[in-house]
Amino acid sequence: MFCNRALEITSVNNIYLENGLCSVVRLGRGYGWFDTGTHASLLEASEFVRVVQDRQNLQVACPEEIAYRKGWVTPEVIEKAGNLLAKTNYGQYLLSLVHDDSYALI
């Protein structure tokens, strides 16, 4: 069905909830939610990500790390990806996941 009016994401979410097509999950400690609908709010979210990554030496939303920690890929896969990007901070981060024991507990 074509909708001739703009919907806010909250309206769309409510439609899904009313039809039993989704559920609500509380985000626990350590999560951040940003509405990035304006230039200023997008910049704010970007700054948040930069601060977390710089101060905690963690990558935000790193698909390789997620797959590795879930057991979906082996350390060798992460090492190969890290070696391909070895000249970048991201590549060094991936390599640290399999070579640095301090990341094992995170």
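Residues numbered from 1 in each chain as written. Predicted model: local features only at pLDDT ≥ 70, side-chain atom pairs only at ≥ 80, totals over all residues. Heavy atoms only, no water.

S.K.: So what's going on with the overall build of the protein chain? Which residues, and what values?
M.R.: Scanning the protein chain for helices and strands turns up five helices and zero strands. In the protein chain, the succession of α and β elements from N to C terminus is α-α-α-α-α. Taken over 106 residues, the protein chain has a buried fraction of 16%. Of all intrachain contacts in the protein chain linking residues separated by at least 6 positions in sequence, the fraction that spans at least 24 positions is 32%. As displayed, the protein chain offers around 9100 Å² of accessible surface, 56% of which is attributable to carbon and sulfur atoms. (Helix = DSSP H or I, 4+ residues; strand = E, 2+ residues; numbered from the N terminus. Buried < 20%, exposed > 50% of the residue type's maximum accessible area, 1.4 Å probe, protein only. Contact = heavy atoms within 4.5 Å. Areas by Shrake-Rupley, 256 points an atom, 1.4 Å probe, with all protein chains shown as cover.)

S.K.: Can you explain the nonpolar core? Please cite residues and give values.
M.R.: Formed by Leu58, Cys62, Ile78, Ala81, Tyr93, Leu94 and Leu97, the largest nonpolar core amounts to seven residues. Taken together, the elements giving at least two residues each to this core come down to helix H4 (75-84) and helix H5 (89-99). Looking at this core, the element that brings in the most residues is H5, giving three residues. Residues in contact with leucine 94, not counting those within four places in the same chain, are Cys62, Glu64, Ile78, Ala81, Gly82 and Leu85. (Core = buried A, V, L, I, M, F, W, Y, C linked by side-chain atoms within 4.5 Å.)

S.K.: For the pattern of salt bridges, give the residues involved together with the corresponding values.
M.R.: Here the structure, examined in full by the defined rule, presents three salt bridges. Among the ionic pairs, arginine 50 bridges to aspartate 54, the shortest N-O distance being 2.9 Å. Highlighted residues: arginine 50 and aspartate 54, both in helix H2 (residues 39-56), separated by four residues, approximately one helical turn. Here aspartate 54 falls in the exposed class, since its relative accessible area comes to 52%. Between arginine 69 and glutamate 65 there is a salt bridge; the shortest N-O distance is 2.9 Å. With arginine 69 and glutamate 65 both in helix H3 (residues 63-69), this residue pair falls four residues apart, about one helical turn. Linked by salt bridges that have partners in common, Glu47, Arg50 and Asp54 make up one network. (Salt bridge = Lys/Arg side-chain N within 4 Å of Asp/Glu carboxyl O.)

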